[in-house]
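Geometric and topological summary
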Number of protein chains: 2
Amino acid sequence: MSNSTDPRATRSRAAILVAARSLLLDEGPAAVTHQRVAQQAGVGRATVYRHWPQAEELLHDVMTGVDIPFFHEPETPVRPWLHSQLRKLADELATPQVAGATLTLMQGALWDPYIATQRDECLEALNERLEVALALAVTNREIDISADPIDLSALLVGPIVYRTAMQAGTVSHQLIEQLIDSLGRWHDGSSREDQPDRP
Amino acid sequence: MSNSTDPRATRSRAAILVAARSLLLDEGPAAVTHQRVAQQAGVGRATVYRHWPQAEELLHDVMTGVDIPFFHEPETPVRPWLHSQLRKLADELATPQVAGATLTLMQGALWDPYIATQRDECLEALNERLEVALALAVTNREIDISADPIDLSALLVGPIVYRTAMQAGTVSHQLIEQLIDSLGRWHDGSSREDQPDRP
């Protein structure tokens with residue numbers, strides 16, 4: 001891709017990224033072609049080719065920098081914090097944009113090593129943050145964990161991805177509580193009976 | 001699509017479906033174009049257009065008839081049967097072909113109403129079969145269920161899809177036991193302590 005510092009090139013590069021991202025979210029990765037991106041960005045097709053000779057690299061650059069804003073900086077007590085993070089995740093994944101970006105990343109990773117690297121970094125970050133949070137819960141004597149640390153995100157995030165991005169359904173308060181319960185034995189102040197019984 | 005009974009048309013139609021399925025599994029849905037399919041099937045591009053004027057319809061027909069071979073005809077005791085079904089599911093989803101087909105179906109469904117119908121039928125069948133199996137476990141006095149019936153597949157299948165198709169990891173015996181435990185309170189003969197402690 002071009003390293004030009006020409007402001008016009010910078011502008012067209014930015015316009016191309018915005019157009020490619022919009023096509024990706026609206027129509028899926030198959031729509032991110034040089035022709036469609038050029039059309040949507042209002043630039044010539046040759047300009048898109050100059051910046052990104054391969055459509056795959058463009059797709060990769062569109063996906064890079066999608067940060068996962070979850071499970072950062074845990075708070076004690078950990079249980080309500082975890083519930084609120086999982087609720088936010090479920091609400092974001094219920095939007096077509098985030099569901100689309102997530103499944104596109106996961107599916108693209110099966111065929112594209114660039115995207116696989118991107119996916120692995122995302123998922124490892126997620127699992128590491130959950131490990132940190134649960135370690136804090138152990139230190140804080142909130143829980144005796146019975147789950148394997150490597151399974152934390154599969155247990156907590158897997159059902160939420162399935163329910164939202166795959167089943168196009170909503171995640172109930174009860175489901176989140178059940179996911180949290182499945183990690184091990186929670187003590188007194190943090191058991192599910194003490195949580196408000198919202199739907 | 002063509003309804004011709006000309007044996008040559010029937011042969012080319014079958015060859016096109018095989019070629020499209022192979023491209024889908026190897027390279028993803030973006031590879032299922034008239035040109036690539038014609039090349040792979042060894043037929044002219046016009047022949048592909050005659051059978052499937054739209055590539056989306058071809059993609060849909062490739063996906064149709066993918067049956068999910070899981071959770072059929074439950075047996076008592078339900079718990080070991082459920083464990084064996086989840087193990088088979090995890091092993092199948094660990095293959096690139098099944099992981100690819102699953103994520104392609106899920107992702108394609110976000111943009112294509114045909115594929116969305118296909119996905120919904122698959123996922124509803126899965127959830128209904130799990131409801132039937134768990135109802136049998138209740139009748140058989142194996143479990144007091146605390147999970148919402150609508151969440152059964154999210155709780156059991158979600159973590160397995162996440163761990164295999166997304167994290168490219170393996171599903172341990174312990175994880176399957178934990179998923180089964182998360183559904184409610186299992187009684188005596190079917191508690192996890194009575195299961196062999198395989199890795």
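Basis of the calculations
- Residues numbered from 1 in each chain as written.
- Chains lettered and ligands numbered in written order.
- Predicted model: local features only at pLDDT ≥ 70, side-chain atom pairs only at ≥ 80, totals over all residues.
- Heavy atoms only, no water.
- Contact = heavy atoms within 4.5 Å.
- Buried area = accessible area lost by both parts, 1.4 Å probe.
- Salt bridge = Lys/Arg side-chain N within 4 Å of Asp/Glu carboxyl O.
- Polar contact = N/O pair within 3.5 Å; in protein donor to acceptor, adjacent residues only side chain to side chain.
- Helix = DSSP H or I, 4+ residues; strand = E, 2+ residues; numbered from the N terminus.
- Buried < 20%, exposed > 50% of the residue type's maximum accessible area, 1.4 Å probe, protein only.
- Arc of directions from axis to C-beta.
- UniProt positions renumbered as here; feature names shortened; annotations may be inferred.
- Axes fitted to C-alpha atoms, helices over the stretch in contact; angles between N-to-C directions.
- Parallel < 35°, antiparallel > 145°, perpendicular 65-115°, else oblique.
- Nonpolar A, V, L, I, M, F, W, Y, C, P; charged D, E, K, R; others polar.
- Least-squares fit on C-alpha atoms with pLDDT ≥ 70 in both.
- pLDDT = per-residue confidence, 0-100.

Quick look at the interface of chain A and chain B now. In many reports, interface size means the accessible area that the parts give up when they come together. The interface is formed by 44 residues belonging to chain A together with 44 residues belonging to chain B. Carbon and sulfur atoms make up 60% of the area that chain A and chain B hide from each other, which totals about 3,400 Å². Together, A:Trp111, A:Tyr162 and A:Met166 form the three largest contributors to the area buried by chain A at its contact with chain B, with a combined 21%. Remark: the boundary between chain A and chain B carries 2 salt bridges. For A:Asp151, the salt bridge goes to B:Arg163, with nearest N and O atoms at 3.1 Å. At the boundary of chain A with chain B, the tally comes to 12 residue pairs in polar contact (both at pLDDT 80 or more).

The next thing to look at is unusual backbone geometry. Here the amide bond leading from A:Thr76 into A:Pro77 is cis, since omega sits at -10°, within 30 degrees of zero. Among the secondary structure elements, A:Pro77 is positioned in the loop between helix H4 (55–63) and helix H5 (78–93). A positive phi is found at A:Glu73, a non-glycine position, where the angle reads about 45°. A residue is classified by how much of its surface remains accessible, and A:Glu73, at 68% relative accessible area, is exposed. For B:Arg141, which is not glycine, the phi torsion reads 55° and is therefore positive. Tracing the backbone through its elements, the reader meets B:Arg141 in the loop between helix H7 (113–139) and strand E1 (143–145).

Residue and element names in this part refer to chain A. For helix H2 (residues 34–41), every residue scored as buried is listed here: His34, Val37, Ala38 and Ala41. Each buried residue of H2 lies within a common arc of 100° when the element is viewed along its axis, so the set occupies one face. Facing away from the buried side of H2 by over 90 degrees, the exposed positions are Gln35 and Gln39. Within two residues after H2, Gly42 carries a phi angle of roughly 70°, on the positive side.

Time to look at the UniProt feature "DNA-binding region" (unreviewed entry) in chain A. Here, UniProt's "DNA-binding region" (unreviewed entry) annotation points to residues 33–52 of chain A. Across residues 33–52 of chain A, helical content stands at 75% and strand content at 0%; the span's end C-alpha atoms are separated by 11 Å.

Bringing the pattern of salt bridges into the picture now. When the charged atoms of two side chains lie near each other, side chains of opposite charge can form a pair. Residue and element names in this part refer to chain A. Within the structure shown, the criterion is met by 12 salt bridges over all chains. Close ionic contact of Arg79 with Glu177 constitutes a salt bridge, the shortest N to O distance being 2.8 Å. Of this pair, Arg79 sits in helix H5 while Glu177 sits in helix H9 (residues 173–181), placing them 98 residues apart in sequence.

Before going further, it helps to spend a moment on the packing of helix H1 (residues 7–27) of chain B against helix H4 (residues 55–63) of chain B. Residue and element names in this part refer to chain B. One way to put it is that H1 packs onto H4 with a least axis distance of 10 Å and a crossing angle of 85°. Relative to H4, the element H1 lies roughly perpendicular. Where H1 approaches H4, its residues Ile16, Leu17, Ala20, Arg21 and Leu24 are matched on the opposing element by Leu58, Leu59, Asp61, Val62 and Met63. For the contact of H1 with H4, the class distribution of residues is 8 nonpolar, no polar and 2 charged.

Attention shifts here to the relation of the copies chain A and chain B. Here chain A sits on chain B after a turn of 180° about the axis and a move of 0.0 Å along it, with an RMSD of 0.1 Å. Here the copies are linked by what is in effect a two-fold axis. A share of 100% of the interface residues of chain A reappears at the interface of chain B, consistent with the copies meeting face to face through the same patch.

Now for the confidence of the model for chain A. The predicted model of chain A averages 85 in pLDDT, with 90% of residues at 70 or higher. Confidence over residues 191–199 of chain A falls short of pLDDT 50; this stretch has 16 contacts with residues more than four positions distant or in other chains.

On to the packing of helix H8 (residues 152–166) of chain A against H7(B). A packed helix pair is summarised by two numbers, namely the angle formed by the two axes and the spacing between the axes. For the pair H8(A) and H7(B), the least separation of the axes is 12 Å and the interaxial angle reads 135°. Relative to H7(B), the element H8(A) is oriented oblique. Here A:Tyr162, A:Ala165 and A:Met166 of H8(A) come into contact with H7(B), specifically with B:Arg119, B:Leu123 and B:Leu126. Class assignment for the residues of the contact of H8(A) with H7(B) results in 5 nonpolar, no polar and 1 charged.

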